[in-house]
Amino acid sequence: MSVCPPYAPFFGFSGVTAAVSSTVGAAYGTSKAGIGIAGLGQFKPELIMKSLIPVVMSGIIAVYGLVVSVLIAGGLDPAKDYSLYAGFIHLAAGLSCGFTGLAAGYAVGIVGDSCVRAYLHESKVFVAMVLILIFAEVLGLYGLIVALILNTRTTDDVQC
Amino acid sequence: MSDPRIQVAKLQEQSAAGGVLATLLAFAVALAVVPIGSYFISLWYLFDGNATYAAITAIVAANIVLVSYVVISMWEDSSSDKTSQVGKQFETKKSR
C-alpha cells in the first residue's frame, strides 16, 4: 500500500470540480430571485436596481467556489510527489465549499424572491432583506473557510 | 409638452435607463475580474506563493464589490427620490 499511489490526483481534481458545484446554488439563487424581480419590474421599474442585490450575492457565492477551485488546482503539480492524504484533503475542501455554496445559493434564491416581492409593497423590507441575505451569504463563506483551513494541511510532511 | 412633471419624468427615465445599464455592466465585469485578478496578483506579487492569503484577499475583494453595489444602488435610489421631489415642487406651484 503506497502512500503516493498514481491515482491520488484523481481525488485532487475531483475536489476542484466539487468546488464548482457552488455554481449550482448560485444558478438557483439567480433564477429564483430573477423571477421575483421580473414580477416587481412590471409595477415599479425604479426599484429594480436595489432588487438586484440577491442576484449579485448569488454571483459572490459562485466566486467562492471559483476561488477554492483555483486554490486547489494551484496545489496540484505533476513534478512533485502527491500523496493520497493530500488528495483526500483537496477532495474534502472542494466538497465542503461546494455543498455550502449549494445551501447558500438556495437560501439566497428563496429569500430574494419573497423579499423582492414584499419590497414592492413595503419599502422598509429592504433593510431586512439585506440582513437576511447577508446571513444566507455567510453560509457559503463558512464552507470556504473550512476549505482554506483544510488546504493548509496539504503541506504536512508525508514521505512517499 | 411644457408640463414640468412630464419633463422631469422623461429626464429621469432617460438617465435611469442609460445609467442603470452602464452600472450593471460595470459591476458584472467587476465581479468576474476583481476576485480572480486580485487572487493571482496577490499570489505573485504580494504573498510570495502563499495561496491561503491570496484566497483571503480574493474573498475580501469580492465582498468589497458586493458592498459597493449595495451602497451605489441605495445612493442612486435616494438621488432619484430627490428628482421626484423637484417634480412635486412644480406640482404645488401649479395647484396655486
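The following refers to the structure shown. (Residues numbered from 1 in each chain as written. Chains lettered and ligands numbered in written order. Predicted model: local features only at pLDDT ≥ 70, side-chain atom pairs only at ≥ 80, totals over all residues. Heavy atoms only, no water.)

Here's the deal with the overall build of chain A
Test applied: Secondary structure elements follow DSSP: runs of H or I of four or more residues count as helices, runs of E of two or more count as strands, with numbering from the N terminus. The globule rule used here is 2.2 Å times the number of residues to the 0.38 power, and the radius of gyration it is set against is calculated over C-alpha atoms. With a 1.4 Å probe rolled over the protein chains alone, any residue whose accessible area is under 20% of its type maximum counts as buried; one over 50% counts as exposed, and the rest are partly exposed.
Tallying secondary structure elements over chain A gives six helices and zero strands in all. The N-to-C order of helical and strand elements in chain A reads α-α-α-α-α-α. A compact globule built from 160 residues should have a C-alpha radius of gyration of about 15 Å, whereas chain A, at 19 Å, is more than 25% larger. The dimensions of chain A, computed from C-alpha atoms along their principal axes, are 65 × 20 × 20 Å. The burial tally for chain A puts 48% of its 160 residues in the buried class.

Details of the state of the cysteines
Residue and element names in this part refer to chain A. Where we set the bar: Disulfides are defined as cysteine sulfur pairs within 2.5 Å.
In total, this model carries one disulfide over all chains according to the counting rule given. Disulfide pairing is shown between Cys 4 and Cys 160; the S-S distance is 1.6 Å. Its S-S torsion of approximately -90° makes the covalent link between Cys 4 and Cys 160 left-handed. With Cys 4 in the segment before α1 (8–19) and Cys 160 in the segment after α6 (125–152), the pair connects residues that are 156 residues apart, well separated along the chain. Residue Cys 160 is classed as exposed on the basis of its relative accessible area, which comes to 52%.

A short note on the interface of chain A and chain B
Rules: Residue contacts are counted whenever heavy atoms from the two residues lie within 4.5 Å of one another. The rule for a salt bridge is simple: a side-chain nitrogen of Lys or Arg has to be within 4 Å of a carboxyl oxygen of Asp or Glu. Under the rule applied, a polar contact is a pair of N or O atoms within 3.5 Å (in protein, one hydrogen donor and one hydrogen acceptor; residues adjacent in sequence only if both atoms are side-chain atoms). Put simply, Ala, Val, Leu, Ile, Met, Phe, Trp, Tyr, Cys and Pro go in the nonpolar bin, Asp, Glu, Lys and Arg in the charged bin, and everything else, Gly too, in the polar bin.
Counting from both sides, the interface comprises 21 residues of chain A and, opposite them, 23 residues of chain B. Where chain A packs against chain B, one counts one salt bridge. Joining chain A to chain B, the criterion identifies three residue pairs in polar contact (both at pLDDT 80 or more). Only α3 (48–51), α4 (53–74) and α6 of chain A provide two or more residues apiece to the side of chain A that touches chain B. Looking at which element gives the most residues to the side of chain A that touches chain B, the answer is α4 of chain A, with eleven residues. Among the residues forming the side of chain A that touches chain B, the class breakdown is 17 nonpolar, two polar and two charged.

What about the side chain of Ser 96 of chain A?
Positionally, Ser 96 of chain A belongs in helix α5 (residues 84–121). Leave out the neighbours within four places in its chain, and Ser 96 of chain A touches Gly 143, Val 146 and Ala 147 of chain A.

Remarks on the nonpolar core
What counts here: Think of a nonpolar core as a cluster: buried Ala, Val, Leu, Ile, Met, Phe, Trp, Tyr and Cys residues, connected wherever their side-chain atoms sit within 4.5 Å.
Counting residues in each nonpolar core, the largest one holds 58 residues, and the members touching the most others are Ile 53, Val 68 and Leu 133 of chain A together with Tyr 39 and Tyr 69 of chain B. Within the residue set of this core, elements represented by two or more residues are α1, α2 (22–43), α4, α5 and α6 of chain A together with α1 (4–46) and α2 (51–95) of chain B. When residues in this core are grouped by element, the largest group, twelve residues, is from α4 of chain A. Among residues more than four places away in sequence, those in contact with Leu 133 of chain A are Ile 53, Pro 54, Met 57, Val 108, Val 111 and Gly 112 of chain A.

Notes on the packing of aromatic side chains
Residue and element names in this part refer to chain B. Let me state the cut-off plainly: Think of it this way: a Phe, Tyr or Trp ring, Trp meaning its six-membered ring, pairs with another when their centres are within 6.5 Å, and the plane angle makes it stacked under 30 degrees, edge-to-face over 60, tilted otherwise.
A complete count under the given rule lists nine aromatic pairs over all chains for this structure. Aromatic pair Tyr 39 and Phe 40: ring centres 5.1 Å apart, planes at 85°, arrangement edge-to-face. Residue classification places Phe 40 among the partly exposed positions, given a relative accessible area of 30%. These aromatic residues form a ring-pair network of at least three members: Tyr 39, Phe 40, Trp 44 and Tyr 45.

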